[in-house]
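Tertiary structure, described
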Amino acid sequence: MTIATVLSRAPFGMEAPQVSVEVDIGSGLPSFTIVGLPEAVVKESKDRVRAAIVNCNFELPPGRITVNLAPADIPKEGGRFDLPIAIGILVASGQLAAPTLAPTLANGEFYGELSLSGELRPISGALVAALAATHVGHWVMVPTANNTETRLIAGCRAIAATHLLQVCAHLTGAQNLPFEAPLTEAVVLAQTLDLSEVRGQPQAKRALEIAAAGEHSILFLGPPGTGKSMLAQRLPGILPPLNDTEALQTAAVRSLTGRGIDLGQWRVRPFRAPHHTASAVALVGGGSQPRPGEISLAHNGVLFLDELPEFDRRVLEVLREPLESGAITISRAARQAEFPASFQLIAAMNPCPCGYLGDTAGNCRCSAEQIQRYRLRISGPLLDRLDMHVEVPRVKAEVLQGQETSAETSQQVATRVLRARTVQWQRQGKCNARLSAAEVERWCVPEAAAQTLLMRAMQKFALSARAYHRILKVARSIADLQGVEMLGVAHVSEAIALRQLDRGRLA
């Protein structure tokens, strides 16, 4: 046989289109050519493959070796094509032969980077590729280091190998490698951060519970050292664990970064806290070959932005679209990739440049102009998209020193949050924060007195239509926590009180 075809897949955002690695061995002067829009790393595959084949006691066939990665209009990147190229050369040159080889190659896909000695090294995005292969009924051959990812997929027929010789022995029937059994259960590590560790701040804790119940975004305002970061870090501990679909989506995004999967955090919601010097590309993703950013790594979890005004304004503005849509589309001249970005935004900021405006210590020396300039670093449209703005004041010394026996644990709060979310999914099939305008009109109906109160607040504080709907969504979550169907005055008034920047109390 002078031509062979081996199947693989190319990374393409959250998709993995199938790639046919076609190898032809012709007559002529010795050469090794790879075509099909390969990136630099793929072009370098010929040197790795050549050394691996020779060091595994095979022969590199003389003549013109042409490798075509079809379809040719999809950019190919990474070292994942090393293994299929090597297998294709060995099959085309007749060094790999078996009666069942043709049907085996027709129903299998191969991924893996080769070392010069023939060892298989892990690739990024193995989970996404294996998901696509499972969908079409193919089995996959992956490096052992990627075995954990493929075992997370129900119904995936994955074979793990550590060396090119193992793969060759399996294809010829000399050594049968077993299909790896799927992981039916994964151990979840206990949360080490508990809400009971936060002293005082009853209003902020209450707001955090409401945010968890309805998946609402929240902005904490207060002087340094009052517990804003502590509160945000404890939000994942009161959120419901990920279900199978959510856990697989979150793991797939992480797999694209090449960081591997931690089984101990399989059902734990991700918590991402990028530094305020992060660029827009780092936050939303990008690059010549689009990669997921922090908002996608926080998919189904929490994105915490500390010192919110210190972020570049252009960086913050890119959050507006994913906050509404739950996805981010990255467009480049040659391709377009979409990544999931359904995250819960928690932000924290000081009330002024020095941080002590309104503090009981009275140490603020900022002028009105400095305070206004500091606040204007956050645009009005972005601030309007945050469901709650909550003040986190300084905690008194006696509260810090005393024993707070009445403080609730994260588990106690999580029980109420789970009950409220169950009600929401049974009623509308989504969390309250994700309701559309039409769904708000249907599911967030206040009683007459509550409607009158909301109309007065709209006129007095000049609230926008978006703020009107977000107040109703928050009120719906408050009512769900109490197990009440109709939105009452208490629910609406508390939702209004949780938007303090709209009311100008800290101006």
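These remarks concern the structure in this document. (Residues numbered from 1 in each chain as written. Predicted model: local features only at pLDDT ≥ 70, side-chain atom pairs only at ≥ 80, totals over all residues. Heavy atoms only, no water.)

1. A word on the sheet that holds strand 14 (residues 302-305)
Going by this rule: Strands are labelled as partners when DSSP assigns at least two bridges between them. Helix and strand assignments come from DSSP, with helices taken as H or I runs of at least 4 residues and strands as E runs of at least 2, each series counted from the N terminus.
Strand order in the open sheet made by the five strands is 11-14-17-10-18, with parallel pairing throughout. Each end of this open sheet is capped by a strand with a single partner; those strands are strand 11 (271-272) and strand 18 (388-391). In this structure, strand 14 lies alongside strand 17 (residues 344-349), joined through four bridges in parallel fashion. Within strand 17, the residue paired with V302 across the bridge is Q344.

2. Some remarks on the packing of aromatic side chains
What counts is decided by this rule: Centres within 6.5 Å make a pair out of two Phe, Tyr or Trp rings, where for Trp the six-membered ring is used; the pair is then stacked when the planes are under 30 degrees apart, edge-to-face when over 60, and tilted otherwise. Partly exposed residues are those whose accessible area sits between 20% and 50% of the maximum for their type, while under 20% is buried and over 50% is exposed, using a 1.4 Å probe and protein chains only.
This model, assessed by the stated rule, comprises two aromatic pairs. With 5.5 Å between their ring centres and 75° between their planes, F110 and W139 make a pair best called edge-to-face. One end of the pair, F110, is in strand 5 (residues 108-110); the other, W139, is in strand 8 (residues 139-143), and 29 residues separate them in sequence. Classification of W139 by relative accessible area gives buried; the value is 6%.

3. Examining unusual backbone geometry
What you tend to see is this: most non-glycine residues have negative phi, and most peptide bonds are trans. With omega at 5°, the peptide bond leading from A70 into P71 counts as cis. Mapping P71 onto the fold places it in the loop between strand 4 (64-70) and helix 3 (82-92). Located in the positive-phi region is L37, a residue other than glycine, with phi close to 60°. Position of L37 relative to the elements: it lies in the loop between strand 3 (31-35) and helix 1 (40-43). Here the phi dihedral of N57 falls at roughly 70°; this positive angle occurs in a residue that is not glycine.

4. Points about the pairing of strand 9 (residues 158-161)
Side chains A158 and A160 project from strand 9 onto one buried face, and the interleaved I159 and A161 project onto a second face that is buried too. Sheet analysis places strand 8 next to strand 9, joined by four bridges and oriented parallel. Looking at strand 9, one finds that P143 is bridged to A161.

5. Observations regarding the packing of helix 21 (residues 465-482) against helix 22 (residues 489-497)
Applied cut-off: Orientation is described by lines fitted to C-alpha atoms, with helices fitted over the stretch in contact, and by angles between N-to-C directions that extend from 0 to 180 degrees. Geometric relationships in this document are graded by angle, where less than 35 degrees denotes roughly parallel, more than 145 denotes roughly antiparallel, 65 to 115 denotes roughly perpendicular, and other angles denote oblique. Handedness of a crossing is defined here by the sense of rotation of the near helix relative to the far one, left-handed for an anticlockwise turn of less than a right angle and right-handed for a clockwise turn. Any pair of residues with heavy atoms lying within 4.5 Å of one another is described as a contacting pair. For this classification, the nonpolar set comprises Ala, Val, Leu, Ile, Met, Phe, Trp, Tyr, Cys and Pro, the charged set comprises Asp, Glu, Lys and Arg, and every other residue, Gly included, is treated as polar.
At their nearest, the axes of helix 21 and helix 22 sit 8 Å apart, and the two run at 125° to each other. Here helix 21 is positioned oblique relative to helix 22, judged by the angle of their axes. Every pair of crossing elements has a handedness; the one defined by helix 21 and helix 22 is right-handed. Of the residues in helix 22, those touching helix 21 at I471, V474, A475, I478, A479 and Q482 are H491, V492, E494, A495 and I496. Residue composition of the contact of helix 21 with helix 22, grouped by class: eight nonpolar, two polar and one charged.

6. Here's the deal with the nonpolar core
Here is the rule we go by: Here, the term nonpolar core denotes a set of buried Ala, Val, Leu, Ile, Met, Phe, Trp, Tyr and Cys residues that are joined through side-chain atoms within 4.5 Å.
Formed by 52 residues in total, the largest nonpolar core has its most connected members in L219, I295, L303, L305, L308, L319 and F343. No other element matches the six residues that helix 5 (residues 126-135) contributes to this core. If we skip the residues at most four places from it in the chain, F343 touches I295, A298, G301, L303, L319, P322, L323 and R434.

In short, geometric facts, not functional conclusions.
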